[in-house]
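The residues making up each chain are set out below.
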Amino acid sequence: MTKKSRVAAAVLAASTLLTIGVQPARAENTSGTPAAGHGGHAGVPLRRVTPRDLKIGTAVAGGGHHLEQDYPDPFTYDKPYRRVLAGEFNSASPENQMKWEFIHPERNRYNFGPADAIVRFARRHGQVVRGHTLLWHSQNPAWLAEGQFSKAELRAILKQHIFTVVGRYRGQIHQWDVANEIFDGNGAYRQENIWIRELGPGIVADAFRWAHQADPRAQLFLNDYGVEWPGAKVDAYEALAEQLLADRVPLHGFASQAHLSMRYGAPDQLRAVLQRFDDLGLYTAITELDVRMDLPESGVPTAEQLTTQAQYYKTVLDACLAVDDCNSFTLWGFTDKYSWVPVFFPTEGAATVMWDDFTRKPAYETLQQTLAEARG
Ligand code: XIL
C-alpha cells in the first residue's frame, strides 16, 4: 500500500469505528459510511486494493427489471449510488443498457443515450467498460423476435447491429460478451437463440469476426452461467473454444457469470474450470457474481448466512486470483437495493455485498481483504 493510501485508510478507519458490522436489510442510514473492516484496509475502496493486472467491476443498474420498480433509473438518479460506483470500481458493465431490446428498440432506430452515459461516466472515473451483449436468446426486441425475416435478412441484421454498436464504442470497451448463454445444461446449442436456430451455430464465429473488425482492441468473450462446475456445458465451451481458435476466429476470453445460490454449495472447482480455458491461451473473467440465499421470515439474513456468503464470494475471487490470465472480476450490482435477485428468484435475496443503504456486508470486507493481500 502506498503512503497516501495508508493515510487515507487510517482516516477512514477512525471515522468508521462507530459503525456496527451487521445492518438490517432496510436500514435507515444512508450516509454510505463503511463498516469497520479487519486489518489496515478498512475504508479503502476495492479498486485501490485490487492487483494491477485485474479489473474490479460492477453491473451498472438500469433498464430490465428496474423499469418495473418504484424507483427512478438508478444510474441516472441515485447520487449516492453513483458515488459508490465511481469510488469502488474500475470496471463497469451496463446491466441492460447495451442489450438488443434496449439499444436497438426498433429496426431502424438505436437508443444510444443510456449506454453513452455509462461509457462517458466510466471514462471520467478511470473505469473500463465491459460490453454486454451481442448474441443472446433473451431480451431481444419484439420487432426481431416476432419478425418474419429470411436467413439472409437475419444475418444482415446481426452484422449491421454488431458493426453499429461495437463500432460506436470502438476503442472504449475492454471486453465484449459477444455470445451469451449459447449452450443449455446438456451442452447443446440453445434452440431458443434466434440466431443459432435460424442460422446455425456457425453464426457464433461470424459474430466474433464482425465484432473484431468493428473494434480490434476489445477482448471478445464467451459468457455463461452454470459453468462454475465441470460438466457438459463446460465441455461444450471448451470444444467450441478449441474449434474457434483452430479456425483463427478472434476469440479472446471465456467468462463465468457466477450467479450463485447458497442452496448449491460454494464453487470449489471454479479455479480448475477457469484453468482449462487459461490453458487454451484465453483470458478468463468473472462477469456477474452474486450470491443469493433463502431469507428467513424476518427478511434479514442471519450472521451465519452472511459468513457463508462471504466465503462464497471469496471462493470465486480466489479462483480468479489463482488463474494467470483471469483479468476481470465483476459483481452483478453492489447493493441489494437494485439487485435483480428478489425479482427473478422470489424467495431468495440479499445477494450483493452491500445493504440497501450501501453499508457493507462481511462479503465486502472479505473481498477487500483478499484483494489487498493479493496486491501485496
Ligand atoms: C438481468 C438483469 O440484471 C435484469 O435487470 C434484467 O431484467 C434481466 O437480466 N445473465 C445475464 C444478464 O447475462 O444479462 C442477466 O441480467 C442476468 C443473467
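Residues numbered from 1 in each chain as written. Predicted model: local features only at pLDDT ≥ 70, side-chain atom pairs only at ≥ 80, totals over all residues. Heavy atoms only, no water.

Chemist: What am I meant to see in the overall build of the chain here?
Modeler: Summing up its helical and strand segments, the chain has 15 helices and ten strands in all. Every one of the 376 residues in the chain was classed for burial, and the buried ones make up 55%. The long-range fraction of contacts in the chain, counting pairs at least 24 apart against all pairs at least 6 apart in sequence, stands at 79%. Taken as a whole, the chain presents about 15600 Å² of accessible surface, with 51% of it coming from carbon and sulfur. (Helix = DSSP H or I, 4+ residues; strand = E, 2+ residues; numbered from the N terminus. Buried < 20%, exposed > 50% of the residue type's maximum accessible area, 1.4 Å probe, protein only. Contact = heavy atoms within 4.5 Å. Areas by Shrake-Rupley, 256 points an atom, 1.4 Å probe, with all protein chains shown as cover.)

Chemist: What should I look at first to understand the site of the ligand in this one?
Modeler: Around the ligand, 16 residues are found, and the nearest of them are His 65, Glu 95, Lys 99, His 132 and Glu 288. In this structure, a nitrogen atom belonging to the ligand sits 3.1 Å away from a side-chain N or O atom of Glu 181. Between Gln 257 and the ligand, the recorded distance is 3.3 Å, taken from a side-chain N or O atom to an oxygen atom. Compared with its free state, where it exposes 410 Å², the ligand has 93% of that area covered by protein. (Near = heavy atom within 4 Å. Polar contact = N/O pair within 3.5 Å; in protein donor to acceptor, adjacent residues only side chain to side chain.)

Chemist: Even after reading the chapter, I still don't get the packing of helix α13 (residues 303-322) against helix α15 (residues 362-375), so can you show me in this structure?
Modeler: Geometry of a packed helix pair, given as the angle between the helix axes and the separation of the axes. The geometry of α13 relative to α15 is characterised by a closest axis approach of 8 Å and an angle of 30 degrees between their N-to-C directions. In terms of axis orientation, α13 runs roughly parallel to α15. With respect to the hand of their crossing, α13 and α15 are arranged in right-handed fashion. Seen from α13, the contacting residues are Leu 306, Gln 309, Ala 310, Tyr 313, Lys 314, Leu 317, Asp 318 and Leu 321; seen from α15, they are Pro 362, Ala 363, Thr 366, Leu 367, Thr 370, Leu 371 and Ala 374. Considering only residue class, the contact of α13 with α15 consists of ten nonpolar, three polar and two charged. (Axes fitted to C-alpha atoms, helices over the stretch in contact; angles between N-to-C directions. Parallel < 35°, antiparallel > 145°, perpendicular 65-115°, else oblique. Left-handed = near helix turned anticlockwise from the far one by under 90°. Nonpolar A, V, L, I, M, F, W, Y, C, P; charged D, E, K, R; others polar.)

Chemist: Hey, could you run me through α15 in this one?
Modeler: For the α-helix, the turn length of 3.6 residues means that residues three or four positions removed from each other point alike. The end-to-end C-alpha distance of α15 is 20 Å, a good match for the 20 Å that 14 residues give at a rise of 1.5 Å each. Along α15, the residues that are buried comprise Ala 363, Tyr 364, Glu 365, Thr 366, Leu 367, Gln 368, Thr 370, Leu 371 and Ala 372. In this structure, the buried residues of α15 make contact with α2 (46-49), β1 (55-60), α4 (79-88), α13 and β9 (326-331). (Expected span 1.5 Å × (residues − 1).)

Chemist: I keep staring at unusual backbone geometry and nothing clicks. Help me out?
Modeler: One can expect most non-glycine residues to show negative phi and most peptide bonds to be in trans. The omega torsion of the bond from His 132 to Thr 133 falls at 5 degrees, within 30 degrees of zero and hence cis. Position of Thr 133 among the secondary structure elements: in strand β3 (residues 128-135). One non-glycine residue, Glu 181, lies in the positive phi region at around 55 degrees. Residue class for Glu 181 comes out buried when judged on its relative accessible area of 8%. The backbone phi angle of Ala 350 is positive, close to 50 degrees, even though this residue is not glycine. Here Ala 350 lies in the loop between β10 (348-349) and α15. Residue Ala 350 is classed as buried on the basis of its relative accessible area of 11%.

Chemist: Help me understand the pattern of salt bridges in this model?
Modeler: Opposite charge on two side chains allows them to pair when their charged atoms are near. Evaluated as defined, the whole model comprises 17 salt bridges. Lys 337 is paired through a salt bridge with Asp 78; the nearest N and O atoms lie 2.8 Å apart. Of the two residues, Lys 337 sits in the loop between β9 and α14 (341-344) while Asp 78 sits in the loop between α3 (74-77) and α4, which places them 259 residues apart along the sequence. Relative accessible area serves as the criterion here: at 33%, Lys 337 is assigned to the partly exposed category. Given a relative accessible area of 9%, Asp 78 falls into the buried group. Between Arg 130 and Asp 177 there is a salt bridge; the shortest N-O distance is 2.8 Å. Of this pair, Arg 130 sits in strand β3 while Asp 177 sits in strand β4 (residues 175-180), and the two are 47 residues apart along the sequence. In this pair, the class of Arg 130 matches that of Asp 177, namely buried. A single network of salt bridges, built from pairs that share partners, joins Arg 263, Arg 292, Asp 294 and Glu 348. (Salt bridge = Lys/Arg side-chain N within 4 Å of Asp/Glu carboxyl O.)

Chemist: Got a minute to help me understand the packing of helix α11 (residues 232-246) against helix α12 (residues 270-278) in this structure?
Modeler: Relative to each other, α11 and α12 sit at 15 degrees, their axes nearing to 10 Å. Considering their axes alone, α11 and α12 lie roughly parallel with respect to each other. Pair α11 / α12 crosses with right-handed handedness. Side by side, α11 and α12 meet where Val 234, Asp 235, Tyr 237, Glu 238 and Ala 241 of the first sit next to Val 273, Arg 276 and Phe 277 of the second.

Chemist: What exactly am I supposed to notice about the side chain of Asn 90 here?
Modeler: Topologically, Asn 90 is positioned in the loop between α4 and β2 (91-94). Judged by relative accessible area, Asn 90 falls into the buried class, the value being 10%. With sequence-adjacent residues up to four places away left out, Asn 90 is seen in contact with Arg 47, Leu 54, Lys 55, Ile 56, Gly 126, Gln 127 and Val 128.

What is shown is where atoms sit, not what they do.
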